[in-house]
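Listed below, chain by chain, are the residues.
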Amino acid sequence: MLTAAGVLAVVALGLSAAHSKVNKHKPWIETSYHGVITENTDVVLLDPPLVALDKDAPIPYAGEICAFNIHGLDAPFEAVVLNGTSGEGQLRARGLVDCELQKEYTFIIQAHDCGSGPRGTEGKKSHKAVVHIQVNDVNEFAPVFREPQYQAAVTEGKIYDSILQVEATDQDCSPQYSQICNYQITATNTPFAIDRNGWNKQVDYEPGTGSKPLFPKMHLETCGGPLSSARTTVELQTSHIGKGCDRETYSEKSLQKLCGASSGSTDLLPAPSAATNWTASLVTDSGRDSDLIFLFDGHQAAKIPSWVVPQNLTDQFTIATWMKHGPSPGLRAEKETLLCNSDKTEMNRHHYSLYVHNCRLVFLLRRDFTQVDTFRPAEFHWKLDQICDKEWHYYVINVEFPAVTLYVDGVTYDPYLVTDDWPIHPSQIDVQLTVGACWQGGEVTKPRFTQYFRGSLSGLTIRPGKIESQKVISCLQACKEGLDINSLESLDKSIKFHFNPAQSILVMEGEDLENMNTALRRVSYINSRQFPTAGVRHLRISTAVQCFGEDTCITIPDIEAVVMVLQPSEPRITITGLKRQSLPASDLRGPVGVALFQELHIISTVTRVDAAAQHTAQRQGILEEIIHNLDYCDILVLGEELKPDQESLQLQRSVLLGKHLDATNSTSGMSIYGVDSMSNYEEVIREVHYYNWQPAQLTERTFRLTCSELNGRYTSNEFNLEVSIIHSSEVREHASHAVVPPQYMQLVHNPSMIHEVYPGHNSGVPSAATVVIVVCIAALVVVVVLGVYHIHLTHQQQVKLFETTKEEGGTWDDSGLSITINPMENLQDPQAAEEEASEDEDEEEDDEEEDDDTSAESDNSEEEVDVQVPRMQDKKSLHWDKTKMSN
């Protein structure tokens, strides 16, 4: 028996269970945000806006957003909830931000729902998103001369090209407000003049213009002093752009296809999707150019499913990744694991791993006893400055066991230390491949991740069975922007110059001052990307002069400038073609199926603004067609997915030959990917065929085609194709269907087909000619049916007459030995009976023929009465007694 307290306890448990079931979903926010805040203000403008969604809505509390939390060291920002129901939030500065102190901020944000009740119990939080904030400058500082006073002496009567050089600076953080645009002598009636600019410290670069000179008016002056040599270094600073510089932002698969890399590579850090969900929990930063980057803060890792990569690597394989890493905290920091393959349970053996330890890169490879049974190399160590310089670098490890080679930004490095170890004993324990940490499945109370990585990774791939060539490695990490020299062949032979591999540093040396000035004026900036990353690139020019003798020499201050890459015109990719098709079901069952996109066309246009109208209020745009590459096109099946045992999308592999394209297929559609021209994509997509072996229950299918350039940075319109399936009628009327209407009559019952045959005709309102044709055909059918009925009635009358004559008896005319025979008589001769039965079957089959007889054939059927004379044993000639024939 339950007491009142027991009843209350049960009710309380029920309510608790109900509450726990209410809050089923975590809030959702974007994976990354980019914001702008003007210094000395507090509101951040975010793109996209800060909005959190929750699938539990509109359930109170569970479907509402209660807070946004910020994770980051000393981030002077806070996020507030403006509307808990809609999930709208706002990012604010806790105090005034100063561009001169810090220009950019990066931190992580999370959304929290309100849980199961007003106290926020059992609340859920969203995934972590990266926020990038840029501080916009305001013009708050005035220019200041570097020296409080400048002095120079001149000789009377002598004219000087240059007497004195002055320089002013501005403390504003942006080139827009810190650049010194003009100098002016304020005193009147002086015999001196000052040039306005000398040279412009900001160079605007228009995308697609090729190589642009940076210092067309710059020259080095020594005021007549003799020189032994001069050395000028020009440095282009691009570390803040993408992964160290402006590179192509295609997907890793597309880049490898473009560079001619070996096939069989597996992307371990792909974009999160239904098929690649192991990266969904990681923090990503797609940036503004769709360059996929994963951020690891020492608390995140991912398990790679066992079906993704082979468990046992061969003696040859390649591991490659982009990495940005800084010094670890502490004097003897623990290992930071990028990639690890360890025991899943029971034991804690590392089969192979790639990790950073005290700014050293270490690759561990423990072979099995089945491969080697001796003491062999197992750990390979490299000590490089790049590992902890907080800059992006491309690392490739080529393994040709026992040799291991490391490439960093295309340059080869040998390990400074190699340690040996015994191979691992074979066992039946499964292994677990992880990224961002190492999995410890044994020798602990609870399996867990350990040795977390702190830094950024992108494009982590593994390729079993093959190593990559240096040519491909150079292609995969190549910068698309850099310094250049125009008309290099025309430089004086005495000028020596040297570029670093990335072409971001140029060093020139010479003894003749005029030749050095000529060479300096030919230094240029080039960006070969069709759609480069817009923004500022900083320049630094430093010059050292060696004089004759060791007494004194000229000191030349460094010069700083900027290259402003302007925003490229965004292309608009447009897909056009036939949007509706009506296809017979029999074609779908055919050996080649049906081609879906035969009328497909892909074009791209940009809007060019006339230079004369660039700064006017009404800027007139001119639409211009351009040619560029695509990197993928997806054909998606809308509605119910394809049934593999009945239907599929297929593409002959021969269509891909000679192109940088590949394709994958699934029940949800087909994806064609690779960096190639729009014309090649058109050619391949037109060859995509749809098959259906059992279309009886299918009436229509809808397919959606979308294309992309630069990994989704620019996407096309969504082109939908509706396919209607036409089924031939299998319902036939009874004997009255001896003659069927011709095929063109069936088009009347398919308005959609009429619309395709006569595109200009409105199927909803039939024309007068169509009505007349239909009426005439109907009348003809009535006449044919009446004719057939008349033949049938005449036949019945003749049969009755024959039976009457048979009862009265027939006589032979002995005198003429003539035999009188009723041609309609059903004689009992076995052979005649069989032939007559055969004729009856033929007549029935004729009645059931498809609608391919004409009315003319029906009219002639009255004259085609087949009369068979039975064979007689009497050899005497037989003659018809026409006087006995009755009509």
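Residues numbered from 1 in each chain as written. Predicted model: local features only at pLDDT ≥ 70, side-chain atom pairs only at ≥ 80, totals over all residues. Heavy atoms only, no water.

(A) Summary view of the overall build of the protein. In terms of helices and strands, the protein carries 12 helices and 48 strands. Buried positions account for 38% of the 887 residues belonging to the protein. The contacts in the protein between residues at least 6 apart in sequence include a share of 70% that link residues at least 24 apart. Total accessible area on the protein is roughly 51,100 Å²; 51% of this is exposed by carbon and sulfur atoms. (Helix = DSSP H or I, 4+ residues; strand = E, 2+ residues; numbered from the N terminus. Buried < 20%, exposed > 50% of the residue type's maximum accessible area, 1.4 Å probe, protein only. Contact = heavy atoms within 4.5 Å. Areas by Shrake-Rupley, 256 points an atom, 1.4 Å probe, with all protein chains shown as cover.)

(B) Quick peek at the packing of aromatic side chains. Throughout the structure, instances matching the rule amount to 16 aromatic pairs. Pairing Phe296 with Phe453 gives two aromatic rings, centres 6.1 Å apart and planes at 70 degrees, and the pair type is edge-to-face. You can see Phe296 sitting in strand S15 (residues 293-297) and its partner Phe453 sitting in the loop between strand S28 (448-450) and strand S29 (454-464), a full 157 residues away along the chain. You can call Phe296 buried: its relative accessible area is 4%. The interplanar angle of 40 degrees and the centroid separation of 4.8 Å between the aromatic rings of Trp322 and Tyr394 together place this pair among those described as tilted. Here Trp322 is found in strand S17 (residues 316-324), whereas its partner Tyr394 is found in strand S22 (residues 392-400), with 72 residues between them in sequence. Here a set of aromatic residues connected by ring pairs shows up, and it is made of Phe77, Tyr105 and Phe107. (Phe/Tyr/Trp six-rings, centres within 6.5 Å; stacked < 30°, edge-to-face > 60°.)

(C) Focus on unusual backbone geometry. In the segment running from Ala57 into Pro58, the intervening peptide bond is cis, with an omega of 10 degrees. Among the structural elements, Pro58 can be located in the loop between strand S2 (45-47) and strand S3 (65-71). Phe401 connects to Pro402 through a cis peptide bond whose omega is 10 degrees. Mapped onto the fold, Pro402 is located in the loop between S22 and strand S23 (403-408).

(D) View of the pairing of strand S43 (residues 662-666). In this sheet, strand S44 (residues 669-677) lies alongside S43 in antiparallel orientation, the contact comprising 5 bridges. Paired with Asn665 across the strands is Met670, a residue of S44. (Pairing = 2+ DSSP bridges.)

(E) Highlighting a nonpolar patch on the surface. Taken together, Val154, Ile163, Leu164, Ile185, Phe192 and Ile194 make up a surface patch of nonpolar side chains, about 470 Å² in accessible area. Mapped onto the secondary structure, Val154 falls in the loop between strand S8 (144-145) and strand S9 (168-169). (Patch = residues over 30% accessible without salt bridge, like charges linked within 9 Å, V, L, I, M, F, W, Y side chains within 5 Å. Salt bridge = Lys/Arg side-chain N within 4 Å of Asp/Glu carboxyl O.)

(F) Layout of helix H7 (residues 678-685). Counted residue by residue, H7 has 6 buried out of 8 residues, so it is predominantly covered. Burial in H7 covers these residues: Met678, Asn680, Tyr681, Glu682, Val684 and Ile685.

(G) Focus on the side chain of Asn23. Turning to its location among the elements, Asn23 is positioned in the loop between helix H1 (4-22) and strand S1 (32-38). Given a relative accessible area of 4%, Asn23 falls into the buried group. Polar side-chain contacts of Asn23 include one of 3.3 Å to the side chain of Asp113. A polar contact of 3.0 Å, which involves the side chain of Asn23, links it to the backbone oxygen of Glu122. In this view, Asn23 contacts Asp56, Ala62, Asp113, Gly115, Ser116, Glu122, Gly123 and Lys124; residues no more than four positions away in its chain are not counted. (Polar contact = N/O pair within 3.5 Å; in protein donor to acceptor, adjacent residues only side chain to side chain.)

(H) A look at the sheet that holds strand S11 (residues 212-213). Spatially, S11-S33-S30 is the arrangement adopted by the 3 strands of the open sheet, whose pairing is antiparallel. Single-partner strands in this sheet number two, and they are S11 and strand S30 (481-485). Direction of pairing for S11 relative to strand S33 (residues 523-527): antiparallel, over a ladder of 2 bridges. When the bridges of S33 are listed, Lys212 appears paired with Tyr525.

(I) Layout of the state of the cysteines. Evaluation of the coordinates by the stated rule reveals 7 disulfides. Between Cys245 and Cys479 runs a disulfide, and the two sulfur atoms are separated by 1.9 Å. Taking the sign of the S-S torsion, about -100 degrees here, the bridge from Cys245 to Cys479 comes out left-handed. Taken together, the positions of Cys245 in the loop between strand S12 (229-237) and helix H3 (252-259) and Cys479 in the loop between helix H4 (470-476) and S30 put the pair 234 residues apart, joining distant regions of the chain. Two residues share a disulfide in this structure: Cys340 and Cys438, whose sulfurs sit 1.8 Å from each other. Remark: Cys438 occurs in strand S27 (residues 438-440) and Cys340 occurs in strand S18 (residues 336-343); sequence separation between them is 98 residues. (Disulfide = S-S within 2.5 Å.)

(J) Structural context of the environment of Pro213. Mapped onto the secondary structure, Pro213 falls in strand S11. Separated by 312 residues in the primary sequence, Pro213 and Tyr525 have C-alpha atoms spaced 6.5 Å apart.

(K) Layout of the environment of Lys496. Along the polypeptide, Lys496 turns up in strand S31 (residues 496-499). Each C-alpha atom of the pair Lys496 and Met516 lies 9.8 Å from the other, and the pair is 20 residues apart in sequence.

(L) Focus on H3. Of all the residues in H3, the buried ones are Glu252, Ser254, Leu255, Gln256 and Cys259. Gly260 sits one or two positions beyond H3 and adopts a positive phi of about 75 degrees.

(M) The arrangement of the sheet that holds strand S38 (residues 594-595) in detail. Pairing within the open sheet is antiparallel, and its 3 strands lie in the order S38-S45-S42. Across the chains shown, the open sheet's two edge strands, defined by having one partner strand only, are S38 and strand S42 (647-650). Inspection of the sheet shows S38 paired to strand S45 (residues 689-692) by 2 bridges, in the antiparallel sense. Counterpart to Ala595 in the pairing with S45 is His689.

(N) Structural context of the pattern of salt bridges. If you walk through the whole model with that rule in mind, you get 20 salt bridges. In this structure, Asp297 engages Lys128 in a salt bridge whose closest nitrogen and oxygen atoms are separated by 3.7 Å. One end of the pair, Asp297, is in strand S15; the other, Lys128, is in the loop between strand S6 (104-113) and strand S7 (129-136), and 169 residues separate them in sequence. On the accessibility criterion, Asp297 (29% relative accessible area) is partly exposed. Accessibility expressed as a relative area gives 24% for Lys128, which makes it partly exposed. Residue Asp558 is joined to Arg540 by a salt bridge in which the shortest nitrogen-to-oxygen separation is 3.8 Å. In this pair, Asp558 sits in the loop between strand S34 (535-546) and strand S35 (559-565) while Arg540 sits in strand S34, placing the two residues 18 residues apart along the sequence. Taking relative accessible area as the criterion, Arg540 reaches 29% and is therefore assigned partly exposed.

(O) Layout of the side chain of Ser456. In this fold, Ser456 is placed in strand S29. Of the residues examined, Ser456 reaches a relative accessible area of 10% and is grouped as buried. The contact partners of Ser456, leaving out residues within four places of it in the chain, are Ile293, Phe294, Leu295, Trp322, Met323, Lys324 and Trp392.

(P) A look at the nonpolar core. Formed by 60 residues in total, the largest nonpolar core has its most connected members in Phe597, Ile602 and Leu705. The contacts of Phe597, once residues within four sequence positions are left out, are Ile635, Ile685, Arg686, Phe703, Leu705, Phe719 and Leu721. Counting 41 residues, the second-largest nonpolar core is a separate cluster that includes Leu361, Phe380, Leu433 and Phe453. (Core = buried A, V, L, I, M, F, W, Y, C linked by side-chain atoms within 4.5 Å.)

(Q) Summary view of the confidence of the model for the protein. The predicted model of the protein averages 79 in pLDDT, with 77% of residues at 70 or higher. Within the model, the stretch residues 1-20 combines pLDDT values under 50 with 4 contacts to residues more than four positions away or in other chains. Note on residues 730-766: pLDDT is under 50 here. Beyond four places in sequence and across chains, it has 35 contacts. (pLDDT = per-residue confidence, 0-100.)

(R) Here's a closer look at the pairing of S1. Most of S1 sits out of view: 5 of its 7 residues are buried. Relative to S7, S1 runs parallel, the two sharing 7 bridges. Among the inter-strand pairings, Val36 is bridged to a residue of S7, identified as Gln134. Strand direction decides the pairing type here: S1 and S2, joined by 3 bridges, are antiparallel. Residue pairing across strands places Gly35 opposite Leu46, the latter belonging to S2.

(S) Quick look at the environment of Asp676. In this fold, Asp676 is placed in strand S44. Overall, the relative accessible area of 8% leaves Asp676 in the buried class. Placed 44 residues apart in sequence, Asp676 and Tyr632 show a C-alpha to C-alpha distance of 8.9 Å. Asp676 has contacts with Asn629, Leu630, Lys659, His660, Leu661 and Tyr681, leaving out every residue within four places of it along the chain.

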